[in-house]
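Single-letter residue listing:
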Amino acid sequence: MNKQTVVGGIRPTNKLHIGNYLGALKQFVAISNDNQITSYFFIVDLHSLTTPFEPKELKTNILDAAATYLAAGFNPKNSNLFIQSHIPEHAELAWIFNCITPLGELERMTQFKEKSQQHATNINAGLLSYPVLMAADILIYKPNGVSVGEDQVQHVELSRVIARKFNNKFGNTFPEPQTYIRKPLRIMSLTDPTKKMSKTGDEALNMDDEPKEIARKLKKAVTASEPGKKSPGEENLMFLLNHFGSEESVRHFTEAQNSGKLKYFELKETLAQNISDYFAEFREKKKELLSKPDYLAQVLGDGARKARETAHKTITEVKQKIGLL
Ligand code: ATP
Ligand code: MG
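This structure is a prediction, so every number in the text was calculated from the model and none was measured. (Residues numbered from 1 in each chain as written. Chains lettered and ligands numbered in written order. Predicted model: local features only at pLDDT ≥ 70, side-chain atom pairs only at ≥ 80, totals over all residues. Heavy atoms only, no water.)

Caption draft 1: Representation of the sheet that holds strand 2 (residues 37-43) in the model. Spatially, five strands are ordered 3-2-1-4-5 in an open sheet, and the strand pairing comes out parallel. Because the sheet does not close on itself, it has two edges, and the strands there are strand 3 (80-83) and strand 5 (178-179). Relative to strand 3, helix 14 (residues 293-322) is tilted by about 95°, and along the sheet it contacts strand 2 and strand 3. (Pairing = 2+ DSSP bridges. Helix = DSSP H or I, 4+ residues; strand = E, 2+ residues; numbered from the N terminus. Contact = heavy atoms within 4.5 Å. Axes fitted to C-alpha atoms, helices over the stretch in contact; angles between N-to-C directions.)

Caption draft 2: Main features of helix 1 (residues 18-32). A maximum bend of about 45° is found in helix 1 at Ala24. When you tally the buried positions in helix 1, you get 13 out of 15 residues, the bulk of the element. (Bend = angle between axes of the 7 residues up to and from the residue. Buried < 20%, exposed > 50% of the residue type's maximum accessible area, 1.4 Å probe, protein only.)

Caption draft 3: Structural context of the layout of surface pockets. If you add up the space inside the largest pocket, you get close to 450 Å³. Examining the composition of the lining of the largest pocket, we find that six residues originate from one element, helix 6 (residues 110-118), more than from any other. Taken together, the residues of the lining of the largest pocket break down into four nonpolar, 10 polar and eight charged. Around the second largest pocket, the lining is made up of 13 residues, and of these Leu22, Lys26, Arg182, Lys183 and Leu185 lie nearest the centre. Here the lining of the second largest pocket gets five residues from one element, more than from any other, and that element is helix 1. The residue makeup of the lining of the second largest pocket, split by class, is five nonpolar, four polar and four charged. (1 Å grid on protein atoms, 1.4 Å probe; cavity = no way out; pocket = protein on both sides within 12 Å on 5 of 7 lines; lining within 4 Å. Points joined across faces, edges and corners; volume = space filled by probe spheres on them. Nonpolar A, V, L, I, M, F, W, Y, C, P; charged D, E, K, R; others polar.)

Caption draft 4: Highlighting the packing of aromatic side chains. Tallied over the full model, the rule gives 18 aromatic pairs. Residues Tyr40 and Tyr141 carry aromatic rings whose centres are separated by 4.3 Å and whose planes lie at 15° to one another, so their mutual orientation is stacked. In this pair, Tyr40 is assigned in strand 2 and Tyr141 in the loop between helix 7 (125-139) and strand 4 (145-146), connecting sequence segments 101 residues apart. Through successive ring pairs, a cluster of aromatic residues spans Tyr21, Phe244, Tyr278, Phe279 and Phe282. (Phe/Tyr/Trp six-rings, centres within 6.5 Å; stacked < 30°, edge-to-face > 60°.)

Caption draft 5: Here's a closer look at unusual backbone geometry. Even without being glycine, Lys142 reaches a positive phi, approximately 45°. Its location among the elements puts Lys142 in the loop between helix 7 and strand 4. When its relative accessible area of 29% is taken as the criterion, Lys142 is described as partly exposed.

Caption draft 6: A look at the nonpolar core. Residues Leu25, Tyr69, Leu218 and Ile275 are the most contacted members of the largest nonpolar core, which totals 56 residues. When near neighbours in sequence (up to four residues on either side) are disregarded, Tyr69 contacts Gly9, Ile10, Leu25, Phe28, Val29, Phe41, Phe42, Ile43, Phe74 and Leu81. Counting 39 residues, the second largest nonpolar core, distinct from the first, contains Val44, Tyr130, Ala136 and Phe166. (Core = buried A, V, L, I, M, F, W, Y, C linked by side-chain atoms within 4.5 Å.)

Caption draft 7: The site of ligand 1, seen in detail. The environment of ligand 1 is made up of 22 residues, and the closest members are Thr13, His17, Asp151, Lys196 and Thr200. Within the contact set of ligand 1, a nitrogen atom lies 2.8 Å away from a backbone nitrogen or oxygen of Ile187. A distance of 2.4 Å is found between an oxygen atom of ligand 1 and a side-chain nitrogen or oxygen belonging to Thr200. Bound to the protein, ligand 1 loses 98% of the 590 Å² it would expose on its own. In a pocket analysis with a 2 Å cut-off to the grid points, ligand 1 is assigned to the largest cavity. Elements with a contribution of two residues or more to the shell around ligand 1: strand 1 (4-10) and helix 1. In terms of residues, the shell around ligand 1 owes the most to one element, helix 1, which gives four residues. (Near = heavy atom within 4 Å. Polar contact = N/O pair within 3.5 Å; in protein donor to acceptor, adjacent residues only side chain to side chain. Areas by Shrake-Rupley, 256 points an atom, 1.4 Å probe, with all protein chains shown as cover. Sits in = over half its atoms within 2 Å of the grid points.)

Caption draft 8: Spotlight on the pairing of strand 1. The buried fraction of strand 1 is high, at five of seven residues. Where strand 1 and strand 2 come together, seven bridges link them in parallel fashion. Opposite Thr5, over in strand 2, you have Thr38 as the bridge partner. Handedness of the β-α-β unit built from strand 1, helix 1 and strand 2 comes out right-handed. Inspection of the sheet shows strand 1 paired to strand 4 by two bridges, in the parallel sense. Note that in strand 4 the partner of Val7 across the bridge is Val146. (Right-handed = clockwise from strand over helix to strand, strands pointing away.)

Caption draft 9: How the structure looks around the pattern of salt bridges. All told, the structure shown has 23 salt bridges when counted by the stated rule. Residue Asp64 pairs with Lys286 through a salt bridge whose shortest N-O separation is 2.7 Å. In this pair, Asp64 sits in helix 3 (residues 55-71) while Lys286 sits in helix 13 (residues 280-290), placing the two residues 222 residues apart along the sequence. Considered together, Asp64 and Lys286 belong to a single accessibility category, that of buried residues. Residue Glu203 is joined to Arg216 by a salt bridge in which the shortest nitrogen-to-oxygen separation is 2.9 Å. Of this pair, Glu203 sits in the loop between strand 5 and helix 9 (211-219) while Arg216 sits in helix 9, and the two are 13 residues apart along the sequence. Exposure remark for Arg216: the relative accessible area of 34% places this residue in the partly exposed category. A cluster of three or more residues bridged by salt bridges with shared partners is formed by Lys15, Asp64, Asp208 and Lys286. (Salt bridge = Lys/Arg side-chain N within 4 Å of Asp/Glu carboxyl O.)

Rendered as structure tokens:
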């Protein structure tokens, strides 16, 4: 039986937060350690250019992301970890896809609507065509699955639409990939729990935050609700407790919640402790990795070399099919 192929990526727009971890990175780590799967995971730096950025910070964030993947247990020996822009074939394929993607498909994307509201003074063409580049990132490796969080499912659907359009026009080339999500979940912002936690949104709880910082951010977490409605902030904190808390604390706070005796300050303190403990080893490993930039560069270079072989094959096939070669 052929091995399955799975791809995934995260934008280096800032440090990775616990939503990125639970929704995406945790699954990337599991896949990278599965020798029944061929996988390609990238730091999607070209996508970072669609929202406001500082060149110096971008460079730091790229290495930070690589250290984050590895410190979380990503296995670069069994998987390919690389920086998207190191494989120019992604952008090349994106241009070709741009020319077969109907504008209307892009305008209806939820993330485009959200992000163009958020960055109303910088609605650039890249923000609109972001999902086309994402379709190229995915399809260039002809995968069966795309490992994403729930908020990216619509973009994966678009990559299927693009694959279908290309295949119909130029002959069968791309498989239609499925989303590969073990458990769909969405971590909400601590300060506005009606929105998802984002690297570029309100202050997020980062994976490498020091214990004091975790406690400070959780202390500020909004738990208020409208009369007669469940508190979305409380739900979010309880959800996090379920993932990071000990069995005993989950039992204790679930009972308190069910009997209407939940004390928010107590829940926040316990959760802060649990999250600090959960990421203690990760924090140490990440510091160590950041002190070895040569090692990080070597891992990313090896990953890029292997990925480029596949990407080059696909782009050559595409160029032949559309008459460029
Ligand atoms: P940005 O603000 O730059 O878009 P982001 O936090 O949305 O940052 P992305 O790089 O867009 O992060 O997404 C990386 C992965 O993390 C995707 O698979 C996405 O679905 C997942 N993800 C992002 N935010 C959350 C969240 N709050 N809960 C669960 N998964 C998430
Ligand atoms: Mg995002």
